[in-house]
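# Topology and contacts: notes
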Amino acid sequence: MIEVNGLTRTYGAFTAVDDVTFTCEPGRVTGFLGPNGAGKSTTMRVMVGLTPPTRGSVTIGGHRYEDIPNPGRHVGVLLDAGAQHAGRTGREVLEIGARTMGLPKDRVDEMLAMVSLTDSEAGRRMGNYSLGMKQRLGIAHALLGDPEVLVLDEPANGLDPAGIRWMRDLLKGYARRGGTVLLSSHLLHEVELVADEMILIGRGRIVAQGDKATLLAGQGAAATQVTAEDNDALAGALTSAGHDVTPDGAGLRVTATPAEVSRTAMDARLVLTDLRAAGAGLEDLFLSLTSDTQREAAPAASPAPTQDGAAA
Ligand SMILES: Nc1ncnc2c1ncn2[C@@H]1O[C@H](COP(=O)(O)OP(=O)(O)OP(=O)(O)O)[C@@H](O)[C@H]1O
Ligand SMILES: [Mg+2]
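I will try to describe carefully the structure that is included in this document. Computed from a predicted structure; not experimentally measured.

Criteria and thresholds
Residues numbered from 1 in each chain as written. Chains lettered and ligands numbered in written order. Predicted model: local features only at pLDDT ≥ 70, side-chain atom pairs only at ≥ 80, totals over all residues. Heavy atoms only, no water. Helix = DSSP H or I, 4+ residues; strand = E, 2+ residues; numbered from the N terminus. Buried < 20%, exposed > 50% of the residue type's maximum accessible area, 1.4 Å probe, protein only. Contact = heavy atoms within 4.5 Å. Areas by Shrake-Rupley, 256 points an atom, 1.4 Å probe, with all protein chains shown as cover. 1 Å grid on protein atoms, 1.4 Å probe; cavity = no way out; pocket = protein on both sides within 12 Å on 5 of 7 lines; lining within 4 Å. Points joined across faces, edges and corners; volume = space filled by probe spheres on them. Nonpolar A, V, L, I, M, F, W, Y, C, P; charged D, E, K, R; others polar. Axes fitted to C-alpha atoms, helices over the stretch in contact; angles between N-to-C directions. Parallel < 35°, antiparallel > 145°, perpendicular 65-115°, else oblique. Near = heavy atom within 4 Å. Polar contact = N/O pair within 3.5 Å; in protein donor to acceptor, adjacent residues only side chain to side chain. Salt bridge = Lys/Arg side-chain N within 4 Å of Asp/Glu carboxyl O.

Assigned secondary structure in the protein consists of 11 helices and 13 strands. Taking all 312 residues of the protein together, the buried fraction comes to 45%. Of the contacts made within the protein by residues no fewer than 6 positions apart, 67% connect residues no fewer than 24 positions apart. Counting every atom, the protein has about 15,700 Å² of accessible surface; 50% of that belongs to carbon and sulfur.

Written out as structure tokens, the structure is:
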């Protein structure tokens, strides 16, 4: 269990992390989501004692990280995968870790196999590693001491699609066995697929938190995307029934539930060719909640390319 309590970190007059409070529970994957510069890495650095907090505290299993004896056996950390010594081979990095934590040497081979790094790759210097290889080694290093808590900053960064799926399964399995996982990302999709709980941060402040269903439930009125053989007739029937209708692609977008739309169509004896819920979705939620903290204004539903091809 990770407990972050009133955590604030300032740099001069700038507040990077502003009174942040949350917990990460065992058996759950918690996604830490926010745009670039939101304060995710700073929060995680404070968690593992690399940056002192200005105010507030973080405990892992009830202890400050600095007070945990042999911390690698309890907390697996992946912050900046590129931060390893460029002159060491991947195998050496793990061997040093294993020795520091008092682990048997065959644990290194076990970990290399788990992250699918070959013998020849493990013998290469880190300076010559690809981004994805560094990331895999970083994950192996984090899991080396069989910790019960994982703190991973952008772990999917640089992984190929198969690697991303592999990591997702790995983290889900780890949580299912009772582990606590906190992983950060600025990519919503990545977090959405793996996280049980989500914490949204923007400009140092938490803007929303909860499980996916709870976050989505707080998301305004129902909407439906519908296409009929005769869209005009359907639009007329829906408008008469008191719903707002706007043309959308090949069909219509309606402020009503799919059931209401279906019933209206049935009463008017109209044939539907497509019907689906068009809730605002997590992406819209993420963008709206962090809109005043984005570098770019939150785009409208689908940003149209401008003449010169750049996104509007
Ligand atoms: N040592 C430092 N000195 C001054 N400012 C800092 C320092 N470390 C971080 N910051 C600032 O704190 C803010 C938060 O940075 P942080 O790295 O935590 O963001 P992040 O959420 O991890 O972003 P990203 O998605 O880009 O990794 C940024 O504006 C950053 O410039
Ligand atoms: Mg970061």
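Resuming the write-up.
This next bit is on empty space enclosed by the protein. In the structure shown here, the tally under the stated rule is one cavity of 30 Å³ or more. Estimated volume of the largest cavity: approximately 50 Å³. Contributions of two or more residues to the lining of the largest cavity are made by helix 6 (161–176) and helix 7 (188–194). With three residues, helix 6 is the single largest residue contributor to the lining of the largest cavity. Looking at side-chain class alone, the lining of the largest cavity contains five nonpolar, no polar and two charged residues.

For the rest of this paragraph, the subject is the packing of helix 5 (residues 131–143) against helix 6. In a pair of packed helices, the angle between the axes and the distance between the axes together describe the arrangement. Relative orientation of the contacting elements helix 5 and helix 6 amounts to 10°, with a least axis distance of 12 Å. Here helix 5 is positioned roughly parallel relative to helix 6, judged by the angle of their axes. Counting all contacts with helix 5, which are made through Arg136, Ile139 and Leu143, the residues of helix 6 involved are Gly163, Trp166, Met167, Leu170 and Tyr174. Across the contact of helix 5 with helix 6, the residue classes tally to six nonpolar, one polar and one charged.

The environment of ligand 1 is formed by 13 residues, the closest being Gly37, Gly39, Lys40, Ser41 and Thr42. Note that an oxygen atom of ligand 1 is positioned 3.0 Å from one of the side-chain N or O atoms of Asn36. In this structure, Gly37 approaches ligand 1 through a main-chain N or O atom, which is 2.7 Å from an oxygen atom. Summarising the interface, the protein chains cover 60% of the accessible area of ligand 1, which totals 640 Å² for the free molecule. Only strand 2 (14–24) and helix 1 (40–47) provide two or more residues apiece to the shell around ligand 1. It is helix 1 that contributes the most residues to the shell around ligand 1, three residues altogether.

What follows is about the pattern of salt bridges. Taken as a whole and judged by the stated rule, the model has nine salt bridges. One salt bridge in this structure joins Arg91 and Asp109, with 3.1 Å as the shortest N-O distance. Taken as a pair, Arg91 in helix 2 (residues 90–101) and Asp109 in helix 3 (residues 106–114) lie far apart in primary sequence, 18 residues in all. The partly exposed category is assigned to Asp109, whose relative accessible area is 40%. Among the ionic pairs, Asp119 bridges to Arg91, the shortest N-O distance being 3.2 Å.

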